[in-house]
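# Survey of secondary and tertiary structure
Now for the letters of each chain:
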Amino acid sequence: MKGLANFVMRGRLQALVVIMAGAGSLLFCWISAAALALVILRKGVGSGAWLFMWALLPAGTLLYAYGDSGPMTLLVGTMVLALVLRSTVSLSLAVLAGVGVGVLTGLALMAFSAEYLNQMVAFFSEFLGALEEQLSKEGQPIVLPRPEAGQIAGMLGAVTATISVLCLLLARYWQAALYNPGGFGDEFKALQYSTAVSSTLAVAAIALWGLGEQYRSWAMICLLPLTFAGLALIHARVEALGQSKGWLTWFYIIWLLFDPVKFVLVLFVIADSWINFRQRWHKAPGKELNKHDEHDQKDDRDI
């Protein structure tokens, strides 16, 4: 993957080839989004905007032909996050901006892609109907809840925001690997939110969750920054204890398979905003680490 990043940074033509090749693909649009973010972080808004305009051709063709806005929204979302990171030099603010990306994506789908959402509703209804029939053969009838259009819009918004943040992190990793080896790891492990931010996100998520099933996918958008801050906290803890990367692998497996672990991780992040676990682990204090990372990131940028 570092070789791909190096190829993208060789020149405008190479970056254009990579970004356009993936922009019209459902499977590889994330590569285009990450490459676009890398160009924005390293070479600035002008170069990124030029590549983005060309990437709209394959992504727009896919949207027009099949009604799938996934590559388009991913490119836009990742570009917005990259612009935030470049202008603020703050990874925490860039990840926090993912909430806006998710909410706006969901609202845009509800406003402009009603037909696509109805197709998704029909698809889920058919799939769940077949699953109900299969499960009912083994016992009493089973009825599974059907998602509504608004719920699917929130789900797609959450997915777009999550992948956009992942693409941004990949771009930042590429940038550090090429120009500041090891800088991304320290920067990511320092990802942390203040008490006000973490509490506001948690309250918003609880409020949306309490409104009913239709709004629970929207609640997950609010938890996105806290989730990434939690993963950063785990990485910092592993480093503090000198544990192997195998421990992280097992953690990610458990985190993916068991939903309660996800919510416990969010609770630890909220507690971290009050207690600051990193200081208690006697590694680098949070504020000093953040300043160090900002300095590294400024060194990375070619403004």
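Refer to the structure presented above.
The paragraphs below set out a description of the structure included in this document. (Residues numbered from 1 in each chain as written. Predicted model: local features only at pLDDT ≥ 70, side-chain atom pairs only at ≥ 80, totals over all residues. Heavy atoms only, no water.)

### Side note on the side chain of Ser32
In plain terms, the rule: Helix numbers and strand numbers start at the N terminus; a helix is a DSSP run of H or I with at least 4 residues, a strand a run of E with at least 2. Categorising residues by exposure relies on relative accessible area from a 1.4 Å probe, with only protein chains included: less than 20% of the type maximum marks a residue as buried, more than 50% marks it as exposed, and the intermediate range marks it as partly exposed. Any pair of N or O atoms that falls within 3.5 Å is considered a polar contact. Within protein, one atom must be able to donate a hydrogen and the other to accept it, and sequence-neighbouring residues count only if both atoms are side-chain atoms. We call two residues in contact whenever any of their non-hydrogen atoms come within 4.5 Å of each other.
Here Ser32 lies in helix 3 (residues 29-43). Judged by relative accessible area, Ser32 falls into the buried class, the value being 0%. Only 2.6 Å separates the side chain of Ser32 from the backbone oxygen of Ile19, close enough to count as a polar contact. Ignoring anything within four residues of it in the chain, the contact list for Ser32 reads Val18, Ile19, Gly22, Ala23 and Leu75.

### Observations concerning the packing of aromatic side chains
The way to describe two aromatic rings as a pair is by their centre distance and the angle between their planes. Note the following rule: Stacked, tilted and edge-to-face are the three classes assigned to paired rings of Phe, Tyr and Trp, where Trp is represented by its six-membered ring and a pair needs centres within 6.5 Å; plane angles under 30 degrees give stacked, over 60 edge-to-face, the rest tilted. Both a distance and an angle decide whether a charge sits over a ring: NZ of Lys or CZ of Arg must be within 6 Å of the ring centre and within 35 degrees of the ring normal.
Within the structure shown, the criterion is met by 8 aromatic pairs. An angle of 80° between the planes, with centres 6.2 Å apart, marks the rings of Trp209 and Phe263 as edge-to-face. Of this pair, Trp209 sits in helix 10 (residues 195-210) while Phe263 sits in helix 14 (residues 259-275), and the two are 54 residues apart along the sequence. With a relative accessible area of 40%, Phe263 lands in the partly exposed category. Look at Tyr252 and Trp255: their rings are 6.4 Å apart centre to centre, the planes differ by 85°, and that puts the pair in the edge-to-face class. Note that Tyr252 and Trp255 are positioned in helix 13 (residues 245-257) at a spacing of 3 residues, about one turn of the helix. Given a relative accessible area of 25%, Tyr252 falls into the partly exposed group. Each residue in the set Trp247, Phe251, Tyr252 and Trp255 is aromatic and connected to the rest through ring pairs, giving one cluster. One residue, Arg12, lies across the ring of Trp50, its end atom 4.3 Å from the ring centre.

By themselves, these observations are geometric and do not establish any function.
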